Amino acid sequence: MAEDAIPDSDRRTRRNESSEERADRRWTELIQEIRVAQTGVQILLGFLLTVVFTPHFQGLEQTDKTIYIVTVVLGSLATGALIGPVAFHRIVSGRRIKPQAVVWASRLTFLGLILLLATLISALFLIMRVATHDGYVPWLVSGVFAWYLVCWFLLPLWARFRYTNGDENGDDSSSDR
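Quantities reported herein were computed from a predicted structural model and do not represent experimental measurements.

(A) Expanded view of the packing of aromatic side chains. What the rule picks out here adds up to five aromatic pairs. Ring geometry for Tyr148 and Trp152: centres 5.1 Å apart, planes at 25°, overall stacked. A residue pair is termed a helical-turn pair when its members lie 3 or 4 positions apart in one helix, as Tyr148 and Trp152 do in helix 5 (residues 137-163) at four residues. Residue classification places Trp152 among the partly exposed residues on the basis of a relative accessible area of 30%. An angle of 90° between the planes, with centres 5.6 Å apart, marks the rings of Trp158 and Tyr163 as edge-to-face. Chaining the aromatic ring pairs together yields one cluster made of Phe110, Tyr148, Trp152 and Phe153. Over the ring of Trp104 we find Arg107, and its NZ or CZ is 4.7 Å from the ring centre.

Quick look at the structure:
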């Protein structure tokens, strides 16, 4: 029987799991990943929301206030994207579309990570500007940004291309080396 004739629900991966089992596993893994990022962005946003009520905030230059507003908006967007998969799952739960829900939740999570990166860099830039007013601040922040890029994107992409067969579906069927 040709593989195309086998319904998706009956296909098995190299892990010997059906598409529904795979979606369940991927959903569980994704939720664990989101928990880490959600905690960080929620703590950061909570801190940022209180800054405007401090006496020191009123004395900031308009440029710093603008950076602050951009940072709060980025943090709010990141929070929305990282909490989005939970709402998505709740709304579509029981509709037999978990594989599609996993794809959309994964996209929201990736967008949330990018927004979290922007929030962290913006917050660091603001804090360093206010704390030092030195010309090296953009260089320092650029170095931290580069570090985040290496840790969050370049290293995982390198490993993906180095150790997998390039499967775009995220199927765990690539060989382990």
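(B) Representation of the environment of Leu115 in the model. In this fold, Leu115 is placed in helix 4 (residues 98-132). Taking the C-alpha atoms as reference, Leu115 lies 8.3 Å from Ala81; in sequence the two are 34 residues apart.

(C) View of the pattern of salt bridges. According to the stated counting rule, one finds five salt bridges in the structure shown. A salt bridge links Glu17 to Arg25; the nearest nitrogen and oxygen atoms lie 2.7 Å apart. Assessed through its relative accessible area of 14%, Arg25 is described here as buried. Of the charged contacts, one joins Glu29 and Arg25 as a salt bridge, the two residues approaching to 3.2 Å between their closest N and O atoms. Pair noted here: Glu29 and Arg25 are both in helix 1 (residues 19-51), with a separation of four residues, about one helical turn. According to the relative accessible area criterion, Glu29 is partly exposed, its value standing at 38%. Through salt bridges that share partners, Glu17, Arg25 and Glu29 make up one connected network.

(D) Molecular detail of a nonpolar patch on the surface. Where nonpolar side chains cluster on the molecular surface, the patch consists of Ile69, Val73 and Leu77 and spans about 270 Å² of accessible area. The exposure class assigned to Leu77 is partly exposed, which follows from its relative accessible area of 46%.

What counts as what
- Residues numbered from 1 in each chain as written.
- Predicted model: local features only at pLDDT ≥ 70, side-chain atom pairs only at ≥ 80, totals over all residues.
- Heavy atoms only, no water.
- Phe/Tyr/Trp six-rings, centres within 6.5 Å; stacked < 30°, edge-to-face > 60°.
- Helix = DSSP H or I, 4+ residues; strand = E, 2+ residues; numbered from the N terminus.
- Buried < 20%, exposed > 50% of the residue type's maximum accessible area, 1.4 Å probe, protein only.
- Lys NZ or Arg CZ within 6 Å of the ring centre and 35° of its normal.
- Salt bridge = Lys/Arg side-chain N within 4 Å of Asp/Glu carboxyl O.
- Patch = residues over 30% accessible without salt bridge, like charges linked within 9 Å, V, L, I, M, F, W, Y side chains within 5 Å.
- Areas by Shrake-Rupley, 256 points an atom, 1.4 Å probe, with all protein chains shown as cover.

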